[in-house]
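So the chains spell out like this:
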Amino acid sequence: MRKTAAAMLSVLVIAAATLFPSARAEAIDAWGIAAQALGVFGAYHSALGAVLALGNDVHAQVQSERQDIAENGRARNANDIALVDGIMERLVRDGDYVLRVNSLPFTWALTDSSVFNAACYPTDYVTINRGLIRGLGGNVDEIAAVLGHEMTHGLRQHSAHNYAKAAAQFYGMSFLNMNFGLMDWNKLNALVGYSVAKNVTLPTEYEADEGGFRIMTSAGFNPGGGAAAMARMGYYLTYVTQDLQEYQDPTQKDLPQDDFSDHPATERREEKLAGFMTDYSAGHVTVADRKTVCIDGTPLLTVTWTDEDYDNSPENAYLVAGALARAFHDCDRAEDWQIALTRDGGATISGDPRVNELLVFFLAKEKAGVLLQTLVHDAYAREAVSGAREKLHAAEKARADARTAERAAVENADAKAVRKMRENSDAYSDYGDSTRALMLMERVFASPNDDSRAQSHVIRARAYAVQGDWEKARADADKGVADDPKDVLTWLNRSDVRRMRGDREGALADALKAIETDAKNPYGYLIAAELCDEMEQSQEAQEYFKKLYGVEPKALERIPDEYLEAVDKRAYEKRMKDKAKVRAEREKEIREKLQEKSRPVDGNMK
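Because the structure is a prediction, the values reported are computed rather than measured.

How each quantity is defined
In this numbering scheme, every chain counts its residues from 1 along its sequence in written order. Selection of residues for local features in this predicted model requires a pLDDT of at least 70, selection of side-chain atom pairs for listing and counting requires 80 or more, and totals for whole chains, interfaces and linings are taken over all residues. Side-chain numbers here rest on the full set of heavy atoms in the structure, without hydrogens or water. We call a set of buried Ala, Val, Leu, Ile, Met, Phe, Trp, Tyr and Cys residues a nonpolar core when their side-chain atoms join them within 4.5 Å. For every residue, the accessible area (1.4 Å probe, protein chains only) is compared with the maximum for its type, and the residue is labelled buried under 20%, exposed over 50%, or partly exposed between those bounds. In this description a helix means any DSSP run of H or I spanning at least four residues, a strand means any run of E spanning at least two, and both kinds are numbered starting from the N terminus. By convention here, the domain bounds are inherited from an automatic or database domain assignment. Whether two residues are in contact is decided by their heavy atoms: any pair within 4.5 Å suffices. Any Phe, Tyr or Trp ring, taking Trp's six-membered ring, that has another such ring centre within 6.5 Å forms a pair; planes under 30 degrees apart are called stacked, those over 60 apart edge-to-face, and the others tilted. Counted as over-ring charges are cases with an Arg CZ or a Lys NZ within 6 Å of the ring centre that also lie within 35 degrees of the ring normal. Pairs of N or O atoms within 3.5 Å make up the polar contacts considered here, provided that, within protein, one atom can donate a hydrogen while the other can accept it, and that residues adjacent in sequence are counted only when both atoms are side-chain atoms.

### Re the nonpolar core
Counting 77 residues, the largest nonpolar core has Leu 91, Trp 337 and Leu 372 as its most contacted members. Counting residues per element, this core draws most heavily on helix 11 (residues 313-330), at 10 residues. Structurally, this core is a two-domain feature, drawing no fewer than three residues from each of domain 1 (36-221) and domain 2 (262-380). Excluding its chain neighbours within four sequence positions, the residues that come into contact with Leu 372 are Ile 295, Leu 300, Leu 324, Trp 337, Ile 339, Ala 347, Ile 349 and Leu 363. One finds Ala 514, Tyr 525, Ile 527 and Phe 545 within the second-largest nonpolar core, a separate group that totals 28 residues.

Laid out in structure tokens, this is it:
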């Protein structure tokens, strides 16, 4: 939403919202074009590669969430958490999209921040603030539109590309300035900020709005949710927010705001999203004056506000229109609507009752059931002449073909990309996330360019073990070892699977086989030592820890205190000394806090 998807951009984007009137936009854009052409190709690709690599690292993704939660806190309202989880799970599961070869599956969290915001990190971690849920009144379809928007930022890797383009413009303009001295550095920074906001970030926001619309509608949410979200957001940013950075001055709404901000004006976004909804309905459904719902230009009903503390007529109008748009989209004949007139003058139609809820309410309120029936039949009759349905199907086929091509590219991932997916899957298993580990392994097994099916089997076996599916875990682990018994990783992974299952004897046998296969690999010794320790075979554990230290001195931290003294006495003494120092500092801190609490306040003891 209003927070940029990559916080890194902020160091380059220096606020220039009011420095340049629109009359100078053409000249400023020329600066940006010149900067791009001046030899910043290397800077662009260096920055792009760095952020793309970060975005394809599970550990970075996990760290994204940890840092976000550390800064904003984790939301505590169980209903809000369940709401967000349900929407995201449905978008991820049912939405029509394709993750790129070098992208991670989405993760997300609801924070306790009161700021009206959501964002997608370069790592495909989506952060949603409690303030956004409150600001949108917990409306499922509006939240789905916002989260689909953020998912599109991740799918299109906007953070990486925007950061790289921003870096290119910054270095290019700096080069211009150093060589020609055309302006002072303060003005240059403002110029960079303007150019990046208008030419780099702003276009991706429009792209994310459209992408979010496609994802949320394909997952079955109300097609009017995006426009409704913008209607509510516009009200919130003008009349509710307490954050000056979010505030939208109502007197500025007619100005060309796209020239001054890295996000489009809410009115323009609302208009574009309403247009997507109309196209989705084969061109039949529109909203006039933000409150009158029309079919082929004929008013069906005028929406009034319901029980909100502000005039939510526009919001309701888009949700009513969205229900009609879904019906026109999903039904190729008027009869498929299954319109049933009701005694109160309204009507019901086929489809999702939740999506249709407001439509049914206002049809009864306005007694528009018969009119709906007439307008729907007339609309389909006109399609024979206009060809609207054929155009709708052709547009959707083109998008489906594009998705098919994207999936084919992913399934044809090269060996390097497959190895990275396998590595990321293994990392997810380390974090206990079998769902995403298995998602990545599906992509690995779909590729004809997997250079080690044996490793793929044992890594998928670990994911199944984390999931608790021991039958599949055992089958995959056994196949991996059978396919390539000379690969030490197959033995190590099967050992880990057996260990998770509780089969310590089998796990130890595999660890010893790993040592036999590759005596220089430290993990066989580590697993053997830990297993012997678990089985209270202290002498054997000590010997394996010694061998571990012999092949990998950096593994010192993995050796428990009770074995370290025999392995390396000096290292043991240092560790004990360090621990004693930490304990002393902690005890001192506790004493100081107790003393602080016991000090008299206003002449009284606490």
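### What about the packing of aromatic side chains?
All chains considered together, the criterion is met by nine aromatic pairs. The interplanar angle of 90° and the centroid separation of 5.8 Å between the aromatic rings of Phe 213 and Tyr 280 together place this pair among those described as edge-to-face. Separated by 67 residues along the polypeptide, Phe 213 in helix 8 (residues 185-218) and Tyr 280 in helix 10 (residues 266-280) bring together distant segments of the chain. Tyr 280 matches Phe 213 in its accessibility class, with the two residues each being buried. Among the aromatic residues, ring-to-ring pairing joins Phe 213, Phe 276 and Tyr 280 into one connected group. In this structure, Arg 90 packs its charged tip against the face of Phe 221, placed 4.3 Å from the ring centre.

### Quick notes on the side chain of Ser 113
With respect to the secondary-structure elements, Ser 113 resides in the loop between strand 1 (107-111) and strand 2 (118-120). Taking relative accessible area as the criterion, Ser 113 reaches 11% and is therefore assigned buried. At a separation of 3.2 Å, a polar atom in the side chain of Ser 113 contacts the main-chain amide nitrogen of Val 115. Beyond its immediate sequence surroundings of up to four residues, Ser 113 is in contact with Asn 72, Asn 129, Arg 130 and Gly 131.

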